[in-house]
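Summary of structural features
Next come the chains, spelled out residue by residue.
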Amino acid sequence: MSDIDEPGPRADEGVHTDPAALDDLSAAGATTGEVGSDGAVAGYRANRTLRLGVELRRQLRRRRTQLVLALVTLLPFILVAAFEIGDADPNRRSGAFIDLATASASNFVVVALFVSGSFLLPMIVALYFGDTVASEASWSSLKYLLAIPVPRHRLLRQKALASALLSGLTLVLLPLIALGIGVVRYGAGEAISPTGDSVPFGRSLVAIALGTGYIMVQLSWVAALGLLLSVSTDTPLGAVGGTVLVSILSQILDQITALGDLRNFLPTHFSFAWMDLIATDVDWANMASGILSALLYATVFGLLAARRFATKDITS
């Protein structure tokens, strides 16, 4: 899902894939040849290079971003069509979350997040973060960004921030669209848990908001791993694919009960702890463990990514 079909920079666009972005980036340099006391060209300001707004506009114009947002927008409609074709019973009061999908708008949102949580959402985060630096290297524009010059730590930070904002936008867009469709199609009734507990609509909205926030934090380890692989390779597909494969492998190992308590150390073990929120009595222990685990993995992978990029020999 990398942009391998996207053309690299054209001759009339300089060394950057976006002329407007290049103009803003170049604004950090001075027009004179004078050198300041710190050795930099007079007028150069590192904090004016690779502005976040410029990077966000670049990413939003990319086909892969537009396709991801379109897919997330269409997913709730596809689910509604699937339930219409099937024999879903909107009057169910018990069963698995999938069985209760049409009981109310809140249940529909929970199912939308549940069915996308194993593969789609981790893949989207891996795409944003794994592609961000590796794509510049594959286009042979990374070395020119650093030569503008954009400090390495700033380039990595701005790329990571842009990817985080896009990931957050995507993860928020899915439940919002699902909620709107669910209210129209299934009504704003009580959320029903598999245990038969009923949660008022207002409280279910709070639970969905907290669940979405939990998913964002829990997927931070995917983001950090994607960033680490992105600065370690010049192939976007390798960075994205490697991140997704690690996530899948962790989920497979989590299904092996013979591992016992060792499964608690897998980064995906607490991925669906947020579903406990749709209950009258919420057990916060698993969610706390999931947040701690994700943040620890994210910190380690993030520090490794920063160290790797700081010392890497940039040739492309």
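Everything here concerns the structure above.
A short tour of the structure in this document, coming up.

What counts, and where the lines are drawn
Note on numbering: residues in each chain are counted from 1, in written sequence order. Selection of residues for local features in this predicted model requires a pLDDT of at least 70, selection of side-chain atom pairs for listing and counting requires 80 or more, and totals for whole chains, interfaces and linings are taken over all residues. For the side-chain quantities, the full set of heavy atoms in the structure was used; hydrogens and water were omitted. Every angle, taken between N-to-C directions, lies between 0 and 180 degrees, and every axis is a line fitted to C-alpha atoms, over only the stretch in contact when it is a helix. The way it works is that DSSP assigns letters per residue, a run of H or I at least four long becomes a helix, a run of E at least two long becomes a strand, and they are numbered from the N terminus. Oblique is the label for any angle not under 35 degrees, not over 145, and not in the 65 to 115 range, which are roughly parallel, roughly antiparallel and roughly perpendicular in turn. For any pair of crossing helices, the crossing counts as left-handed if the nearer helix is rotated counterclockwise from the farther one by less than a right angle, and right-handed if it is rotated clockwise. Throughout, a residue-residue contact means that at least one pair of heavy atoms, one from each residue, lies within 4.5 Å. Only Asp, Glu, Lys and Arg are considered charged, only Ala, Val, Leu, Ile, Met, Phe, Trp, Tyr, Cys and Pro nonpolar, and every remaining residue, Gly among them, polar. Should a side-chain nitrogen of Lys or Arg be within 4 Å of a carboxyl oxygen of Asp or Glu, the pair is scored as a salt bridge. Residue types Ala, Val, Leu, Ile, Met, Phe, Trp, Tyr and Cys, when buried and joined through side-chain atoms within 4.5 Å, form a set referred to as a nonpolar core. Burial classification: accessible surface area is computed with a 1.4 Å probe over protein chains only, and a residue below 20% of its type maximum counts as buried, one above 50% as exposed, and the rest as partly exposed. For this analysis, a polar contact is any N or O atom pair within 3.5 Å, provided that within protein one partner can donate a hydrogen and the other can accept it, and provided that sequence-adjacent residues contribute only side-chain to side-chain pairs. Patches in this entry comprise residues that are over 30% relatively accessible and not in a salt bridge; like charges within 9 Å are linked, as are nonpolar side chains (Val, Leu, Ile, Met, Phe, Trp, Tyr) within 5 Å. In this description, accessible areas are obtained by the Shrake-Rupley approach with a 1.4 Å probe, and a residue is regarded as covered only by the protein chains that are shown. Ring pairs shown here join Phe, Tyr and Trp side chains whose ring centres sit within 6.5 Å, with only the six-membered ring taken for Trp; geometry is labelled stacked below 30 degrees between planes, edge-to-face above 60, and tilted in between. The rule is short: NZ of Lys or CZ of Arg within 6 Å of the ring centre and within 35 degrees of the ring normal puts a charge over the ring. Given a helix with a known number of residues, its expected span is that number minus one, times 1.5 Å.

Glancing now at the packing of helix α2 (residues 52–61) against helix α8 (residues 152–186). Packed helices, taken two at a time, are described by the angle their axes make and the gap between the axes. The N-to-C vectors of α2 and α8 enclose an angle of 55°; their axes lie 9 Å apart at closest approach. With respect to α8, the element α2 is oriented oblique. For the pair α2 and α8, the sense of crossing is right-handed. Residues Leu 52, Glu 55, Leu 56, Arg 58, Gln 59 and Leu 60 of α2 form the contact with α8, whose participating residues are Gln 158, Lys 159, Leu 161, Ala 162, Leu 165 and Leu 166. Residues belonging to the contact of α2 with α8 are distributed by class as follows: 7 nonpolar, 2 polar and 3 charged.

What follows deals with the pattern of salt bridges. Across all of its chains, the model carries 8 salt bridges by this definition. Ionic pairing is found between Glu 84 and Arg 185, a salt bridge with its closest N-O pair at 2.5 Å. With Glu 84 in helix α3 (residues 63–85) and Arg 185 in helix α8, the pair connects residues that are 101 residues apart, well separated along the chain. Here the salt bridges share partners, and the residues they tie into one network are Glu 55, Arg 58, Glu 136 and Lys 159.

In this section: the nonpolar core. In this structure, Phe 108, Leu 155, Trp 274 and Phe 309 are the most contacted members of the largest nonpolar core, which totals 72 residues. Setting aside chain neighbours within four positions, we find Trp 274 in contact with Val 110, Leu 113, Phe 114, Gly 211, Tyr 214, Ile 215 and Met 287.

A separate point is the environment of Ser 138. Considering the arrangement of structural elements, one finds Ser 138 in helix α6 (residues 134–138). For Ser 138, a relative accessible area of 37% gives the class partly exposed. Separated by 96 residues in sequence, Ser 138 and Asp 234 place their C-alpha atoms 5.4 Å apart. Discounting chain neighbours no more than four positions away, the residues touching Ser 138 are Asp 234 and Pro 236. A distance of 2.7 Å separates a polar atom in the side chain of Ser 138 from the backbone oxygen of Ser 135.

We now examine the side chain of Ser 247. As for its placement among the helices and strands, Ser 247 is situated in helix α11 (residues 236–254). In this structure, Ser 247 is in contact with Pro 122, Trp 221 and Thr 268, ignoring residues within four places of it in sequence.

Right, let's talk about the environment of Leu 228 for a bit. Along the chain, Leu 228 turns up in helix α10 (residues 220–230). In sequence terms Leu 228 and Leu 304 are 76 residues apart; their C-alpha atoms lie 6.6 Å from each other. Excluding residues within four positions of it along the chain, Leu 228 makes contact with Phe 301, Leu 304 and Ala 305.

All right, on to the packing of helix α4 (residues 105–117) against helix α5 (residues 120–132) then. Put simply, α4 and α5 touch, their axes get as near as 5 Å, and they point 65° apart. In this structure, α4 uses Leu 113, Ser 116 and Gly 117 to contact α5, whose residues at the interface are Leu 120, Leu 121 and Pro 122.

On to a nonpolar patch on the surface. A surface patch of nonpolar side chains, amounting to about 550 Å² of accessible area, comprises Leu 249, Leu 253, Ile 256, Leu 259, Leu 262 and Phe 265. Summarising the element assignment, Leu 253 is placed in helix α11. Given a relative accessible area of 31%, Leu 253 falls into the partly exposed group.

For Lys 312, the location among the structural elements is in the segment after α12 (285–311). Judged by relative accessible area, which is 11%, Lys 312 ranks as buried. Excluding residues within four positions of it along the chain, Lys 312 makes contact with Arg 152, Val 231, Ser 232, Thr 233 and Asp 234.

For the structure on display, the rule yields 4 aromatic pairs. Ring centres of Phe 83 and Phe 108 lie 6.5 Å apart, and the angle between their planes is 70°; this geometry places the pair in the edge-to-face category. One end of the pair, Phe 83, is in helix α3; the other, Phe 108, is in helix α4, with 25 residues separating them in the sequence. This pair shows no difference in class: Phe 83 is buried, exactly as Phe 108 is. A connected cluster of aromatic rings, assembled from ring pairs, spans Phe 83, Phe 108 and Tyr 186. Between Arg 152 and the ring centre of Phe 309, over which it is positioned, the NZ or CZ distance is 5.9 Å.

So, on to α4. Between its first and last C-alpha atoms α4 spans 18 Å; for 13 residues at 1.5 Å apiece the expected length is 18 Å, and the two agree. With 11 of 13 residues buried, α4 lies mostly within the body of the structure. On its buried face, α4 sits against α3, α5, α8, β1 (191–192) and α9 (201–218).

Purely geometric numbers; function is a separate question.
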